[in-house]
Amino acid sequence: MEPLVITVAAVGAELTPEATPHLPITPEQLGETAALCAAAGAAMIHVHCRDDDGRNTSDVGRFGAARDAIRARSELLVQFTTGGAIGMTVAERTAPLRLRPDMATLTCGTINFGDDVFENSFPIMRGILAEFERYEVTPELEVFDAGHLSNAKRLAAEGLLSFPHHVDFVLGVPGGLDANVRNLSYLVDSLPAGCSWSVAGVGRAQLPMATVAIAMGGHVRVGLEDNIYYCKGRLARNDELVARVARIAEELGRPLASPQTARRMLRLLP
Ligand code: KMH
Ligand code: ZN
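**Quick look at the pattern of salt bridges**
Per the counting criterion, the structure on display carries 17 salt bridges. The partner of Arg71 in a salt bridge is Asp102, with the nearest N and O atoms 3.1 Å apart. Of the two residues, Arg71 sits in helix α2 (residues 60-73) while Asp102 sits in the loop between α3 (90-94) and β6 (103-107), which places them 31 residues apart along the sequence. Accessibility expressed as a relative area gives 13% for Asp102, which makes it buried. One connected set of salt bridges, linked through shared partners, spans Glu142, Asp168, Arg221, Glu225 and Asp226.

In structure tokens form, the structure reads like this:
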């Protein structure tokens, strides 16, 4: 079977340091997390940044320091967020793209996000894509709801995206598509030809969605951004979540993709 790409979404924007002591806050902590997750089997790290007080930031210097710390301690592919946090402007969300990460996320539509609204109108998505184009960064398409794939196809029809792409299905956000096998199967069947895909199940859906994706030939995202528990009542470290997926993959006969292999599989620039 095709090698499995494991991405670790180690930080996120919404989690507070009070929620878990395992959240990497500083660039040094991100570097340490990257080293542990690479050893556990991850190929890529999805990066949000925090200031020293743990607050979400789009500061380019902070993203640069995080990237450098990750690269100093691992060979992980570095994927920046452009989702950022609820309420950020396009300029804030795209500022770190000038550092030309290996990849960055593009959320493909608006959803309710808990009690908030995560806004990704077509003008917002076009504005973000213009910055991808400007800095020649490859997007990972983030799909939180079934209509997001239709939106991505519309952006492609406008000439702003060219398929195939790597698509990450983020399932189980309160306000987005539920995390279950039927929904995942529908989304995979709806992909344009040649796309690769991964799934990020939120909360307790993380483990079952990861397991199903391994069996289906997809790829997996785990990490504290989407789920802070290893099991009921026990907080997780990022590397433990990666290691568990790596063990399941081994049992199911999926080899793990190294960062170099993942770079080729995800069609990233050398
Ligand atoms: N923080 C969420 C509102 C992404 O990184 O691309 C959006 C998010 C998506 O985390
Ligand atoms: Zn994110």
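**What to know about helix α6 (residues 181-189)**
Burial in α6 covers these residues: Asn183, Leu184 and Leu187. One side of α6 holds all its buried residues, which, seen down the axis, span an arc of 100°. Residues of α6 that are exposed and point more than 90 degrees away from the buried face comprise Arg182 and Asp189. Put simply, Asn180 is the residue that caps the front of α6, since its side-chain oxygen is 3.2 Å from the backbone nitrogen of Arg182.

**With respect to the side chain of Gln79**
Inspection of the secondary structure puts Gln79 in strand β5 (residues 77-80). At 3.0 Å, the side chain of Gln79 forms a polar contact with the side chain of Glu140. The residues contacting Gln79, other than those within four sequence positions of it, are Met44, Ile45, His46, Val47, Met103, Ala104, Thr105 and Glu140.

**Some details on the coordination of the zinc ion (ligand 2)**
The coordination sphere of the zinc ion (ligand 2) contains the protein donors His46 (NE2), His48 (NE2) and Glu225 (OE), at a distance range of 2.1 Å. Each donor residue of the zinc ion (ligand 2) belongs to the same chain, with the gaps between them written as H-x1-H-x176-E. Remark: Glu225 occurs in the loop between β12 (219-222) and β13 (229-231) and His48 occurs in the loop between β2 (44-47) and β3 (49-50); sequence separation between them is 177 residues. Judged by its relative accessible area of 3%, His48 falls in the buried class.

**What about the environment of Asp116?**
Inspection of the secondary structure assignment puts Asp116 in strand β8 (residues 116-118). Taking the C-alpha atoms as reference points, Asp116 and Gly87, 29 residues apart in sequence, are found 9.2 Å from one another. Beyond its immediate chain neighbours, meaning those up to four positions away, Asp116 contacts Ile86 and Ile111.

**Overview of the nonpolar core**
One finds Ile45, Val47 and Phe169 to be the most contacted residues of the largest nonpolar core, which totals 68 residues. In this structure, Phe169 is in contact with Val143, Leu149, Leu184, Leu187, Val188, Leu191, Trp197, Ser198, Val199 and Ala200, ignoring residues within four places of it in sequence. Core analysis: the next-biggest nonpolar cluster, separate from the first, contains ten residues, Ala43, Leu77, Met103 and Ala257 among them.

**A word on the sheet that holds strand β9 (residues 138-143)**
Spatially, β1-β2-β5-β6-β9-β10-β11-β12 is the arrangement adopted by the eight strands of the closed barrel, whose pairing is parallel. Adjacent strand axes in the sheet meet at a mean angle of 25° when their direction is disregarded. Contacts between helix α5 (residues 146-157) and the sheet are confined to β9 and β10 (166-171), with β9 contributing the most and set at about 145° to the helix. Contacts between helix α8 (residues 238-251) and the sheet are confined to β1 (6-9) and β12, with β1 contributing the most and set at about 160° to the helix.

Cut-off values and rules
- Residues numbered from 1 in each chain as written.
- Chains lettered and ligands numbered in written order.
- Predicted model: local features only at pLDDT ≥ 70, side-chain atom pairs only at ≥ 80, totals over all residues.
- Heavy atoms only, no water.
- Salt bridge = Lys/Arg side-chain N within 4 Å of Asp/Glu carboxyl O.
- Helix = DSSP H or I, 4+ residues; strand = E, 2+ residues; numbered from the N terminus.
- Buried < 20%, exposed > 50% of the residue type's maximum accessible area, 1.4 Å probe, protein only.
- Arc of directions from axis to C-beta.
- Polar contact = N/O pair within 3.5 Å; in protein donor to acceptor, adjacent residues only side chain to side chain.
- Contact = heavy atoms within 4.5 Å.
- Donors = N, O, S within 2.8 Å, 3.2 Å for Na, K, Ca; no water.
- Core = buried A, V, L, I, M, F, W, Y, C linked by side-chain atoms within 4.5 Å.
- Pairing = 2+ DSSP bridges.
- Axes fitted to C-alpha atoms, helices over the stretch in contact; angles between N-to-C directions.

So yeah, pure geometry; function would need other evidence.
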